[in-house]
Structure formats: structure tokens, C-alpha cells
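Chain by chain, the residues run as shown.
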Amino acid sequence: MLKVKELAIKFYNQENKSWFEAVRNISFDLQKGKVLGIVGESGSGKSVTSFAIMRLHDPKNTAISGQIIFQENSILELAEKDLSMLRGNKMAMIFQEPMTSLNPVFTCGYQVQEAIMLHQKVDKKTAKAHTLALFEEVQLPRPEHIFSSYPHQISGGQKQRVMIAMALSCNPELLIADEPTTALDVTVQKNILALLLRLKKERNMGLIFISHDLGVISEIADDLLVMYKGEIVEQGTAKELFENPQHPYTKGLLACRPNPELNLKRLPIIADFLNNNEAVSLKKIVLANSYSSKEIENNRSKLYEQDPLLIVENLCTWYPVKKGFFSKTKNFIKAVDDVSFKVFPGETLGLVGESGCGKTTLGRTLLRLIAPNAGTIMFDGKNLTELNSTQLRKIRRDIQIIFQDPYSSLNPKITVGNAIMEPLQVHQVFNNDQERKTHVLELLAKVNLKPEHFDRFPHEFSGGQRQRVVIARALALKPKFIICDESVSALDVSVQAQVLNLLKDLQAEFGLTYIFISHDLAVVKHISDRMIVMNNGKIEEQGFPEVIYNHPKADYTKKLIAAIPGNSCLLYTSPSPRDRQKS
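Quick summary incoming for the structure in this document. In every chain, residue numbers begin from 1 and rise along the written sequence. The predicted origin of the model limits local features to residues at a pLDDT of at least 70 and limits the giving and counting of side-chain atom pairs to 80 or more, whereas totals for whole chains, interfaces and linings rest on all residues. Hydrogen atoms and water are omitted, and side-chain values are computed over all heavy atoms in the structure.

Examining the overall build of the protein chain
Heads up, the condition is: Helix numbering and strand numbering both begin at the N terminus, where a helix is a DSSP run of H or I of at least 4 residues and a strand a DSSP run of E of at least 2. Radius of gyration: C-alpha atoms only; globule rule: 2.2 Å multiplied by the number of residues to the exponent 0.38. Summary of the burial criterion: residues with accessible area below 20% of their type's maximum are buried, those above 50% are exposed, and those between are partly exposed, where the area comes from a 1.4 Å probe applied to protein chains only. In this analysis, two residues are considered to be in contact whenever any of their non-hydrogen atoms come within 4.5 Å of each other. The accessible surface values rely on the Shrake-Rupley method and a 1.4 Å probe; as for residues, cover is taken only from the protein chains in view. As used throughout, the charge tally considers Lys and Arg to be positive and Asp and Glu to be negative, leaving His and the chain termini uncounted. To locate a charge, take NZ of a lysine, CZ of an arginine, CG of an aspartate or CD of a glutamate.
Looking only at helices and strands, the protein chain has 24 helices and 20 strands in total. Here the C-alpha atoms of the protein chain give a radius of gyration of 25 Å, agreeing with the 25 Å that 2.2 N^0.38 yields for 583 residues. With the C-alpha coordinates of the protein chain rotated into their principal frame, the extents come out at 70 × 70 × 60 Å. Per-residue burial for the protein chain yields a buried fraction of 51% across its 583 residues. For the protein chain, long-range pairs separated by at least 24 residues make up 69% of all intrachain contacts whose partners lie at least 6 apart in sequence. Only carbon and sulfur atoms are counted for the fraction: they give 48% of the accessible area of the protein chain, which is about 27300 Å². Averaged over its 71 positive side-chain charges, the protein chain has a centre that lies 4 Å from the centre of its 64 negative ones.

Written out as C-alpha cells, the structure reads:
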């Protein structure tokens, strides 16, 4: 149904007055009823290719050559009027970020209804009935409620389902899904993948699924393209590529995602494969880089013979919800409900659970960014719940946080060097700005950034580089304790591996203590000394990562483990718990 032949895409750079080649002479086919996975890091050309299939690029600064044939239509030669009839009707796209794709000033139902009325020429009542039927088809709860809700009033997974409903509204024969599960909870991600596969089968659609994560792709794709720097470096059936990858880049992508079956000191990164002239054996890398049971035992005995750095007892953080506008009676959302735990110096305590389970509220309550309703927070011998704002300000030098979205936590109007220097000025560390700048340059080097990055603005960095900037800022005041709140959830798996390795290196060098918050149990298991599983504001279970992973007690934990994508596609794994039990 789709044939792409020798496609090349260039963009004109107004500043440099030159052309940038984003995609170079790629070719592939898609059969009806099949799923084609396109995988690669940010900047590999995945989304650029999908935009070209829909012809969404601005013709003023884009040059496209080659052929894109969709159902005998030459997409690159079609008039705009004919192309508009194909888009929405015959081909549709689910974009990466639903919050930016949905209009915040219109309800979700109105936006889907509008698309139906535009393409199918039906009245408002018919369009609404079709919209509600679509909301049921994509398994949205309470379709009438979602219809009248604005995008900010529903969860990320629900927004993604609204986007899928909109894309399906005119019964397309080709659906392009561009990173539709990035930064979603693993359980929501699993549901979205199952939904797309079901809809593809029922409607006999062709589906192009784009992702940076080979684990996710393994759950859905029949055939696979691996893209690197605008070129296809490997292609074939998904089974062939997962069982016998040939290109070093493919091997690197497979290797760098945390595998919960292993206990690695460091995650392999793509550079390990690309920079090595000889064939790299992942099995050798894993064997040389795994903790022995004796090492794990020694590390734990050192950690837990110390006095705790943080003691949390019976902590409660509740949000009041009024029943009516004039009513004084309130309900409460129990975001953190009677939570108790300890964190030891030099330890990484992992905090895992779905969105809404209370992880982030707990982290912010520990920093006293949110006031708790009850309980105690003892940090380094001081009860934080009893301190006033002046006393808290001094303590916050020792407790820092790395927020989920580095772009929104950096001021776009000041350079990253000044952003890192700002807490040093506030707390009057060092004698003058020259000494502070010297310290900032040292910090940039620690997180593998260059001195010239000091004078650049946040928009001039990639997502992984911005994450390194906020890590440097968290380190500026030499804290004892850092809360990492979903700090790698939206990164490419290759960049995620680099940041996780960096956090471990910094911990070893500076003796840092972490609480690492994530919805991804595989990531939390890799980096944590102990784990806490949270659900509905409460602790479901806590303990050592391998114990929770191999012998989960709570049904909720079992659900999180079952949702980890693509463990079966990894190049080398240790025996699974089931296999060990059999043997």
C-alpha cells in the first residue's frame, strides 16, 4: 500500500545559508495489515520521514526528492487539494506529544467532532455520536465526560487515546504513530500498544510505528527499519533483527536499555559498539560488567550499618477538594497516605509506580515544597516539619531536586552557566562571581559538557544535554541528598543509559544519596539499592530490587513487572525466574 523509493530530505538553514541533509536515499515498503517499525535516536530522521509521507513539511525551506507512492498516488506530485482529501480520510497521524497537538481552548470532544464534520460532511449530532463511539472504541472511561473535558483535565494516557480516536475518525487505511507512548507509564504504554494492534487488526490498516526504544518496537512491529543519521543502517523482519542484529548501532540500541534480569554496574552505551572496530559481544560486556553476589552483599553491609540520613514516619499529604462552590465540606485526595521509610547515606532508594500514585508529591513533601498534613521528616537529625522558612533555606543547600522536564525547569532567557551559578549567588557561596564561574565550569566538565556551553541558552541543547545541565545545577551547592523526579523518562534509551551511568559516577565521587523516582520498574531496579512500590498514596511493598522483581508480593507490582516492554528482545539475558525455578 505504501512504497518509498530513494527518499532524500533537505532543510535550508537561514542562519548559515546552507542546506542540511536530514534523510539520505532511503527505501522501504509497507503492506496492508502490517506494522512497520522505524527505530532510532532523536535526529536519526524518523519523524522527518513520516512527515514527508503526509507531506507536512514547509515547502519554503524543504527540498524532497525520490518517490512516495501511496495506493498508486504519487504523494510528492499531488496538488494540495487532492492531498487534503487523502489526509485524514486515507492516511492519518498520531503525533508525539498529545498536549501540544490538542488545542487547549477547546474540549476534547469538540476537536474530534470538528475533524469528522470537516471530512465526512455530516451534521453536528451525527458527528458527536461518531465521536462517542470512537471514545468507546479506544476504551476511554466515561466517554461523555471526556467529550466535555479540556485536554489539561485528563491524564496523559487519556490524551493519547483522544489523539488515536481523532486519527481513526475517518477510517484511514494508513496510520502513522510517531512516538505515541514516550514518557507514558509502562502500564499505560502496554495498553496503548495493545489498542493499536487491536484496531489495526479490526480495520486491516497499515501501521507505521516510530520509536527510539527497541523494547517497545518489539511488542508491535512485523518489519523493522533502524535509522542512524538520516540513513537506514539495517532493515528486515523484527524477528531477524532481534535474534541476529548485524549493525553495531542496532546492537547498541538493544543493549543500552536496562534489563531487569541483570545486575550491571554500568549500562552499555551505543559508543561501546560504534567506536569498536572489532565485533563486540554483548555477552562479554555483560559478564565483565555484572555485580557478583559477594560484591552486592559487601556493598549492602557497608550501607546499612550506618545511621539513616533520612527517616520518614507516618507522612501524610492530602489535597482538599470542595464538594460545591459555597460548601465548606471537603473531600480529600490522599496523595501520600501514612508513608514510612528510611534512606541511608550513599544509598539510592528507588520509588516506582504509575502517574498519580503519589511519587512526585512525596518527593516535594520531603523538600517541604508542599506542606505535609501529618508525620515527621527527620533529615540529618533535624525535623524538617518543624523548621521555619529561614531555617529551611539553609537545609535546602543539602537537599536538591532534579525535575522531570529539564526545559521547563530552566529559565529560557538566561544562559545555562548563569542558571547553574544562581544558587551559588543566592546562598553566597564563594567570594565573587569569578570564583563561582570557575566552580560552574568544573561542574560542566563533571557532567561531560564543554566550557563553551556556559554561554548558551537552554534551547541550544538536546534533551540529554539539558538533563546534564540540571544535574550540574543540583550539584552546585554540594548537597548530601538529591531527589531525581522522572529525570530520564522522556530521553532516548541511549541518552538515558548515559545519564544513569553519570548519576552513578557522581554518587561514587561525591558520596551522594538519591531518591530515584520513575514509572519504569526496569530503570528503577537497575539504579537502586532498595525499592519502594507506591500505589494510591501508600507503599505496596519495599525491599531489595531483585527480591521484589523475582518474588513480587503485591498484585500491583506484578502488573508493573508484566508491563516492562521487550525483555524478550534483548541480546543476552540471564535465566528468567521461571527458568531458574524449572532448573
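Let's pick the thread back up.
Some points on the packing of helix 4 (residues 108-120) against helix 7 (residues 156-168)
Our working definition: Lines fitted to C-alpha atoms define the axes, with helix axes restricted to the stretch in contact, and inter-axis angles between N-to-C directions lie between 0 and 180 degrees. Comment on the angle field: the value is read as roughly parallel under 35 degrees, roughly antiparallel over 145, roughly perpendicular from 65 to 115, and oblique elsewhere. Crossing chirality is assigned from the near helix's rotation relative to the far helix, an anticlockwise turn below a right angle marking it left-handed and a clockwise turn marking it right-handed.
Two numbers describe how helix 4 lies on helix 7: the axes approach to 9 Å, and their chain directions differ by 15°. When the axis of helix 4 is compared with that of helix 7, the two are roughly parallel. The chirality of how helix 4 crosses helix 7 is right-handed. Contact residues: C108, Q111, V112 and A115 in helix 4; V162, A165 and M166 in helix 7.

Re the pattern of salt bridges
Our working rule: Criterion for a salt bridge: a side-chain nitrogen of Lys or Arg within 4 Å of a carboxyl oxygen of Asp or Glu.
Evaluated as defined, the whole model comprises 22 salt bridges. With a shortest N-O distance of 3.1 Å, E295 and K265 are connected by a salt bridge. Remark: K265 occurs in the loop between helix 11 (248-255) and helix 12 (270-274) and E295 occurs in helix 14 (residues 293-303); sequence separation between them is 30 residues. A salt bridge links R300 to E546; its shortest N-O distance comes to 2.9 Å. Here R300, found in helix 14, pairs with E546, found in helix 22 (residues 545-550); they are 246 residues apart in sequence, far enough to count as distant. It is possible to trace a salt-bridge network through shared partners that takes in R55, E80 and R87.

Section: the packing of helix 17 (residues 416-426) against helix 18 (residues 433-446)
Selection criterion: Side-chain classes follow a simple rule in which Ala, Val, Leu, Ile, Met, Phe, Trp, Tyr, Cys and Pro form the nonpolar group, Asp, Glu, Lys and Arg form the charged group, and the remainder, Gly included, forms the polar group.
One way to put it is that helix 17 packs onto helix 18 with a least axis distance of 9 Å and a crossing angle of 125°. Here helix 18 runs oblique to helix 17, going by the angle between their axes. When the axes of helix 17 and helix 18 are compared, the crossing they make is right-handed. Only D433, R436, K437, H439, V440, L443 and L444 of helix 18 make contact with helix 17, whose side of the interface consists of G417, I420, M421, L424 and Q425. Across the contact of helix 17 with helix 18, the residue classes tally to six nonpolar, three polar and three charged.

Overview of the environment of G464
Take G464: it is sitting in helix 19 (residues 463-475). Residue classification places G464 among the buried positions, given a relative accessible area of 9%. Separated by 22 residues in sequence, G464 and E442 place their C-alpha atoms 19 Å apart. Those residues in contact with G464 that sit more than four places away from it in its chain are L491 and V495.

So, the side chain of D213
Which entries qualify depends on this criterion: Think of a polar contact as two N or O atoms within 3.5 Å of one another; within protein, one of them needs to be a possible hydrogen donor and the other a possible acceptor, and neighboring residues in sequence only count if both atoms come from side chains.
Mapped onto the elements of the fold, D213 is located in the loop between strand 8 (206-211) and helix 9 (214-218). Side chain to side chain, D213 and R257 meet in a polar contact 3.0 Å long. With sequence-adjacent residues up to four places away left out, D213 is seen in contact with V39, R257 and V493.

Points about helix 7
What counts here: To estimate the expected span of a helix, count its residues, drop one, and scale the result by 1.5 Å.
End to end, helix 7 covers 19 Å across 13 residues, agreeing with the expected 18 Å (1.5 Å per residue, within 8%). Burial within helix 7 is extensive, with 11 of its 13 residues counted as buried. For helix 7, the complete set of buried residues consists of G157, Q158, K159, Q160, R161, V162, M163, I164, A165, A167 and L168.

Describing the pairing of strand 2 (residues 18-30)
Worth spelling out the cut-off: Pairing between strands is defined by DSSP: at least two bridges between the two strands are required.
Bridging between strand 1 (residues 2-13) and strand 2 involves nine bridges; their strand directions are antiparallel. Its bridge partner being in strand 2, K3 is matched across the sheet by D29. Joining the antiparallel neighbours strand 1 and strand 2 is a turn of four residues, in which K17 adopts a positive phi near 55°.

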